[in-house]
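A structural walkthrough
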Amino acid sequence: MGKRIGAGKRGRSPGRTAVLLGAGALVTGMLAGCGSSGGLKINVYYAPEDSFQKVVDNCNAAANGKYEIVYNKLQRGADDQRLQMARRLAAGDTAMDVLGLDVTWVSEFAEAGWVEEWKDQNKAAATEGVLQGPLETATYNGKLYAATKNTNVQLLWYDDRITPTPPKTWDEMIAKSKELKAQGKPYSIVFTGAQYEGLVVFYNTLVESMGGHILSDDGKSVVLDDGAVKALALLKQIASSGITDPSLTNSKEDDVRQTFQRGDAAFELNWPFVYASYAKEKPQDVSHFKWAVYPEAQAGTPAKTTIGGYDLGVSSLSQHKPEAFEAALCLRNAENQKFSAINDGVPPTIESVYHNDTPLDPSKPASADNPNMALKYPMRDSIIDAIKDSAVRPLTPAYQNMSTVMSKVLSPPGEIDPQATADKLREQLNDALQSKGVIP
């Protein structure tokens, strides 16, 4: 999901009832589901992804006339995507078959009864070879409610001309940043510090890396334990030590990318999409653009980096569930995950795909015009390592409310008072959990 993870601050108003679609809009959606050719249409609602239509075409060819998958492209903003699907499902729209779900939405849609559980052969096919972290995002209350399509995980990016060896811990990185600043060299540590989901992702990584918890394992109560308080202290230290970019509180994913790419930072914490951008815009320097796993918050304990991505759910209102499950499985099978990874920069959830070095056109050798995973993902081993030690965001139907609360309380990070901020978070997150998680 690359930049889509931070596409916008995802919130909703607690306590409101579901907003129904206007009759005209609902009828339009249902007509779209019928199609004009009279054949069976499987409507997929999914975020904009440049090459996804080709994946759809591949699966339509594989279906051999059994049905036709129709790609209904959602809006770019994550809030808008979720809102459209939630409203239509709340209104009982039967024209939706396969739903593209940000990994933070699966619990909510499952709790609301909007997506079907994956069982038996469908479950076996959807889980085969999938890395554990991404698989956890598709699970709620011990049941599988989606099939993983792609994942994402942040890495530490650096320029080996400035820092020949990447720091292993946050303490090392902070010290190195101060040293570079004293030498008049690029020194900033850049990350997503704006008041939105990106800041929540950053904090969740620090919490998990400290061995802490925001919620209980069942997602039903607020914990905010000692590890979470230590993470607040580290976040404040990073933001208030004079080693961040002046634009920290306005920085989202692409802002972070551009700051580093301009040469205004020493360390960048961001998703793998930055590599392709760097290679395209600064090809003469890309050999110096290096990566490593996220720095350790506790020396000797690997960081647990928060993952992103998209999962595919089958609508409980679909009138073609068997075909919808079949279509969803095709859209995220190993070959299509590799195609999407190479063409759209969305990391696979199936581990074997990372090691599949067959180029897109297997009849020709791998090249810049006919890439394989090795060419597009030179950092793939680090991605796999990070995913295997990854963290997920709290699995709760009320996550959207929680995210809004956390991003507000954590901002600006330089003004955090660890214990007082923890108390405030604890109080407001308790209120957020009262939502049932089924409203737009």
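Quick note: structure is the one above.
Right, let's walk through the structure included here. The shown structure was predicted, so the numbers you read here are calculated from the model rather than taken from an experiment. (Residues numbered from 1 in each chain as written. Predicted model: local features only at pLDDT ≥ 70, side-chain atom pairs only at ≥ 80, totals over all residues. Heavy atoms only, no water.)

One number sums up the size of the second largest pocket: a volume of about 480 Å³. Lining the second largest pocket are 23 residues, and of these Glu136, Glu208, Asp217, Val392 and Leu395 sit closest to its centre. At the level of elements, strand S4 (139-140) and helix H8 (197-209) are the ones that each hand at least two residues to the lining of the second largest pocket. Tallied by class, residues from the lining of the second largest pocket come to seven nonpolar, ten polar and six charged. (1 Å grid on protein atoms, 1.4 Å probe; cavity = no way out; pocket = protein on both sides within 12 Å on 5 of 7 lines; lining within 4 Å. Points joined across faces, edges and corners; volume = space filled by probe spheres on them. Helix = DSSP H or I, 4+ residues; strand = E, 2+ residues; numbered from the N terminus. Nonpolar A, V, L, I, M, F, W, Y, C, P; charged D, E, K, R; others polar.)

Here the focus is the pairing of strand S1 (residues 41-46). The buried count for S1 comes to six of six residues, which makes it a mostly enclosed element. Here S1 shows two buried faces, one formed by Lys41, Asn43 and Tyr45 and the other by Ile42, Val44 and Tyr46. Following the chain from S1 across helix H2 (residues 52-63) to the adjacent parallel strand S2 (residues 68-73), one finds a crossover that is right-handed. In this structure, S1 lies alongside strand S3 (residues 98-102), joined through two bridges in parallel fashion. Bridge pairing in S3 links Val44 to Val98. (Buried < 20%, exposed > 50% of the residue type's maximum accessible area, 1.4 Å probe, protein only. Right-handed = clockwise from strand over helix to strand, strands pointing away. Pairing = 2+ DSSP bridges.)

This brings us to the packing of aromatic side chains. For the structure shown, the criterion picks out 15 aromatic pairs. Ring centres of Trp170 and Phe202 lie 5.9 Å apart, and the angle between their planes is 85°; on these two criteria the pair is classed as edge-to-face. Of the two residues, Trp170 sits in helix H7 (residues 170-182) while Phe202 sits in helix H8, which places them 32 residues apart along the sequence. Phe202 gets classed as buried once you look at its relative accessible area, which sits at 1%. Site record: aromatic cluster; members linked through ring pairs are Trp157, Phe260, Tyr275, Tyr278, Phe289 and Trp291. Sitting above the plane of the Tyr196 ring, Lys252 keeps its charged end 4.9 Å from the centroid. (Phe/Tyr/Trp six-rings, centres within 6.5 Å; stacked < 30°, edge-to-face > 60°. Lys NZ or Arg CZ within 6 Å of the ring centre and 35° of its normal.)

Further remarks concern the pattern of salt bridges. What the rule picks out here adds up to 19 salt bridges. The partner of Lys66 in a salt bridge is Glu326, with the nearest N and O atoms 2.8 Å apart. With Lys66 in the loop between H2 and S2 and Glu326 in helix H12 (residues 321-331), this pair connects stretches of sequence that are 260 residues apart. Close ionic contact of Asp264 with Arg262 constitutes a salt bridge, the shortest N to O distance being 3.1 Å. In this structure, a network of salt bridges that share partners links the residues Asp159, Arg161, Lys282 and Asp285. (Salt bridge = Lys/Arg side-chain N within 4 Å of Asp/Glu carboxyl O.)

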